[in-house]
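Structure at a glance
Below, each chain spelled out in residue letters.
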Protein chains: 2
Amino acid sequence: MEKRKVYFDNNATTPMHPEVKKAITNALDVFGNPSSLHAYGRHARMLVEGARESVASFIGARPDELLFVGSGSEGNNTILSILNSQCRMCEYNTCSGKELVTTRIEHPCVLETSKCLAERGVRVTYLDVDKDGKVDLDQLKGSISPRTGLVSIMMANNEIGTIQDVRAISRIVHERGALLHTDAVQAVGKVPVDVTDLGVDFLTLSAHKIYGPKGIGAVYVRKNAPFCPLIRGGHQERGRRAGTENTIGIVALGKAVELRSVEMADEEKRLRRMKETLRKGIAEKIPDIHFVGHPTDSLPGTLNVSFEGAEGEAILLYLDLAGIAVSTGSACASGSLDPSHVILATGLPVECAHGSIRISMGRENTFDDVDYMLSVLPDVIARIRGMSSAYARRQ
Amino acid sequence: MEKRKVYFDNNATTPMHPEVKKAITNALDVFGNPSSLHAYGRHARMLVEGARESVASFIGARPDELLFVGSGSEGNNTILSILNSQCRMCEYNTCSGKELVTTRIEHPCVLETSKCLAERGVRVTYLDVDKDGKVDLDQLKGSISPRTGLVSIMMANNEIGTIQDVRAISRIVHERGALLHTDAVQAVGKVPVDVTDLGVDFLTLSAHKIYGPKGIGAVYVRKNAPFCPLIRGGHQERGRRAGTENTIGIVALGKAVELRSVEMADEEKRLRRMKETLRKGIAEKIPDIHFVGHPTDSLPGTLNVSFEGAEGEAILLYLDLAGIAVSTGSACASGSLDPSHVILATGLPVECAHGSIRISMGRENTFDDVDYMLSVLPDVIARIRGMSSAYARRQ
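Position labels on residues start from 1 in each chain and follow its written sequence. Each chain takes a letter, starting from A, and each ligand takes a number, starting from 1, following the order in which they are written. Note on the predicted model: pLDDT of at least 70 is required for a residue's local features to be given, and 80 or more for side-chain atom pairs to be given and counted; whole-chain, interface and lining totals, by contrast, use all residues. As a convention, hydrogens and water are excluded, and side-chain values are obtained from all of the structure's heavy atoms.

All names here are of chain A. Segment limits for the domains were obtained from an automatic or database-derived domain assignment. If you check the domain split of chain A, you get domain 1 (6-14 + 264-394) and domain 2 (18-259). Its C-alpha centre places domain 1 at a distance of 28 Å from the equivalent point of domain 2. Between domain 1 and domain 2, the residue contacts involve 31 residues of the former and 34 residues of the latter. Taking both sides of the interface into account, the surface hidden between domain 1 and domain 2 amounts to around 2700 Å²; carbon and sulfur atoms contribute 56%. The buried area of a pairing is the accessible area, by a 1.4 Å probe, that goes missing from both parts when the two are put together, added over both. Of all residues in domain 1, the largest losses of buried area upon contact with domain 2 belong to Thr14, Met264 and Leu299, amounting jointly to 23% of the total for that side. Take a side-chain nitrogen of Lys or Arg and a carboxyl oxygen of Asp or Glu: if they are within 4 Å of each other, that pair is a salt bridge. For the interface between domain 1 and domain 2, the tally reads one salt bridge. The definition of a polar contact used here is a pair of N or O atoms within 3.5 Å, where within protein one atom must be able to donate a hydrogen and the other to accept one, and adjacent residues in sequence count solely through side-chain atom pairs. At the boundary of domain 1 and domain 2, one finds 20 residue pairs in polar contact (both at pLDDT 80 or more). Going along the chain from the N terminus, every DSSP run of H or I of four or more residues is numbered as a helix, and every run of E of two or more is numbered as a strand. Of all the secondary-structure elements, those providing two or more residues to the side of domain 1 that touches domain 2 are helix 9 (247-285), strand 10 (302-307) and helix 11 (341-345). When grouped by side-chain class, the residues that make up the side of domain 1 that touches domain 2 number ten nonpolar, 15 polar and six charged. The contact definition used throughout considers only heavy atoms, calling two residues in contact when any of these lie within 4.5 Å. Each residue gets one label: Ala, Val, Leu, Ile, Met, Phe, Trp, Tyr, Cys and Pro are nonpolar, Asp, Glu, Lys and Arg are charged, and the others, such as Gly, are polar.

Before going further, it helps to examine the sheet that holds strand 12 (residues 356-360) of chain A. All names here are of chain A. Strands sit in the order 9-10-12 across an open sheet of three strands; the sheet is antiparallel. Every interior strand has two partners, whereas the edge strands, strand 9 (289-292) and strand 12, have only one. Each adjacent strand pair in this sheet contributes to an overall mean axis angle of 25°, direction not counted. With axes taken as lines fitted to C-alpha atoms, and helix axes fitted only over the stretch in contact, angles between N-to-C directions fall between 0 and 180 degrees. Running at roughly 25° to strand 10, helix 13 (residues 367-387) makes contact with strand 9, strand 10 and strand 12 of the sheet. When DSSP finds two or more bridges between two strands, those strands count as paired.

On to the side chain of Glu267 of chain A, then. Residues and elements named next belong to chain A. With respect to the secondary-structure elements, Glu267 resides in helix 9. Three exposure classes are used, based on accessible area relative to the maximum for each residue type with a 1.4 Å probe and protein chains only: buried under 20%, partly exposed in between, and exposed over 50%. In this structure Glu267 comes out as buried when scored by relative accessible area, which is 8%. For Glu267, the side chain forms a polar contact with the side chain of Tyr211, separated by 3.2 Å. Excluding its chain neighbours within four sequence positions, the residues that come into contact with Glu267 are Tyr211, Arg260, Gly362 and Arg363.

So, in C-alpha cells, the structure goes:
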C-alpha cells in the first residue's frame, strides 16, 4: 500500500493549479522581450498587459497601479525602501517622513528590512499584538507622529492566520497623514481583498501562495503615491522595476488570480469547515494544547497549535515520516533555532512557542486528509511527549 | 505562402531551448518550498542545489559563491549597492571605498544605479571607450584611487558586442586594491567565461539570453568578498537574497547552462561565419554604412550597423513587416527617443547613431536567414533613404 500523502503546508507554498500549469505550458513558446518593438515583443507585451489587468481587477486596482516583482519579499522590500529614498531621481518623492511603524509579527522580509532602515537612520516602532495576534489600534494611534512616513501592517499573518482590520487601520493612518502598506501575500486569493475598500496605499501579493509559480509577485502602488525603485535600469514597469519581464510567471499569476476569482468563495467556506473539524478533533484527542491565532478573523485554512512538552521540529519530522507535511512557522525562517517571533508576540511562553506547528490547508486538501491527520497526530504527540522527561515529570 | 520569420534579436532575449522547455514542464509538479524541512521541501531543495552546481561549474565557481536572482538587472543592482551599504548587518562589510569606476557603455541597470549611488554620495567615474567600444586601460589605471570600492565593467556589450579584456582589467583593478564586477549577461554561454581565469570578484549572468526563461539570473560573489543583500528577509540563498526560490526558473537556468556547455563551442564558430557572411553582404549591397563594435573581440552573433540617412526605428518597423526582428539597441531602452549611449560613446555622430540597428543571431538562426536578410535589407534602406530629404540632397 502506498503511503498516504497529505500536504498541509499551503502557507509555505502551494501546488500549482492544473490550469496554471497549462497556461505556463502554452506560454513556453512566447519568447519575445515585452520591451521589443517587433511582433515577437508585441505578442509578449500583450500577454503581460492582459495579466496585469487580471491581477489589478482582482484587487480593485487600476492596471497602471500594479507592478510585477520577483517575490513577495521583493515587493515588501521595495515599498519599505521608499523610506530610504534620498535621491532626486525618485517619482513623487514626497515621502519625507523618516519614521516607520510596523508590528512585531511581520514576515522576516519586513522585519529585516526595518532593521536595515533603522541602521540608516529611520526610526522604527514595532506594535504589539494581543493573544490572538491582533494589532492594538490604540497603540497604533499613539505611535504615528508627524514624522511617520509609512505604516506597514500585514493583512493576514503567515504563521497564525490572524487577519487585521486593515480598513480601521487605514482610517487611523490616513487621519494622521501617513501612508499605509499591507503585506497581503497570505490574504489575496484566500479572502476578499479590495485596495479601494481597504484604503491602502501599497499592497504586496505573491503567486505561489495561490496555486501559481514561485518567482513572481506584484505590488499595488496607489496612483500618485511616492515611489522609489529598488531595481533600477530599463523602462520596464514604467521605470519602477527594471529587468526583463518574467513573461511566463506573469501569465501564470494572471491565470492564478482569474481562477481564484471563480473558486475562492466556495473554497473559503470548505476550508473553514475542514479547519473546524481539525481543531475540534485535536482538542478532543490531545491534552495540553494551545491554539494560536484569532478564532474567527483568520485565514480559512490556517491552524496553528502548540503542544506542551513537544518540539515543533520533532512533530514536523514524525509527521513527515507519516507522509504529512506541516511546518513549524515560516518557511522563510527555517534553519533558525529561535522560537517563532509571531508566537512569542502573542504572549505564549517560550516553551510553548517551541512546540507549535502550523497546519495550512489548500484547495487540494480533503476531509479525508483531516481524518488521516487526526489518526496520526495523537500518536506522534504521545510518542514525543513520552521521550520528554520534563513533560513526563508533570504527569 | 507563409511569410518567412527571422528572429535576429537574440541579445534582447532568446527562444527557449526545447530541452529547457522540457525541464520546465517536468518541474511543474515539484512545488515544495525549498526552505521547507519536509519531503516536498527537500525535493525542491535538491533540484535547486543541483542547478546551482551546474551553473557554478559552468563559470568555474564554487556552488556557495553563486546566488540566484530574478534578473540580470537585479544582479547588477545588488552588486553595485554594496557601495551603498551603511549598516552593520552586512557580511564582510569591508567595502569601505565609496567611489565607483564604470564605463559609458554599460547597460542601463548599471548606469541608472550608478546615478542613484551618486545621489547618495558615491563618486562615480565613467570610463570612455574607443571607436570599437574598448575601454581605455590607461584611463582605467588613472581612475582608480585608494577610495575606489568597486570597478564595474561589462564583459560583452549588449548593443555592439565588443568584448573587454577582463583579465587585463582585473589585474589593473586588483593591483590597486579595488574590487571588480563584470556584467557578463551577454557573455556567459556565448563565449568561454571562467571567473577564476578572469579574476573577477563579482559577475552577473541571466538565463533568458541563453535559451532559458525570463525572470531568473545568478550572481557570482567570490568567497569572502564584501556583500550586502538588496532583498532582505528569509534565510534563502544563505541570507543573501530573500524570497522563495523560483524553483522552475532555477531548474531551467541549470538546464540552459548544461546545454550551453555542450553546444556553445560549435555554435560560436557557426555564428561567427554567419555574421561574417552578413557583414560582407551588407557592405557589398548597401553604401554609406558604418559597422560599430570591435572587428574580432566581439560576441559571435552580434552585428551593429549604422545606415546614414535612415532612422533605426524605421528600419526596425520595415523589417518587422518583412518578418524580420531586429532592434535599435537595448530592449531595456526601448521607448526612449535618445540615440544609443553606447553608439555615441564610440564617437559616431548623433545622426549615425540614430540610424543604427543591432542584428543578434542565435542557435535557431541559419544561413538561409542571413540570405533572407540580405535580400530584404537593401530595399528597406533604399526606401527609407528615398523618403529622407537630407540623405537625398547629399546624393
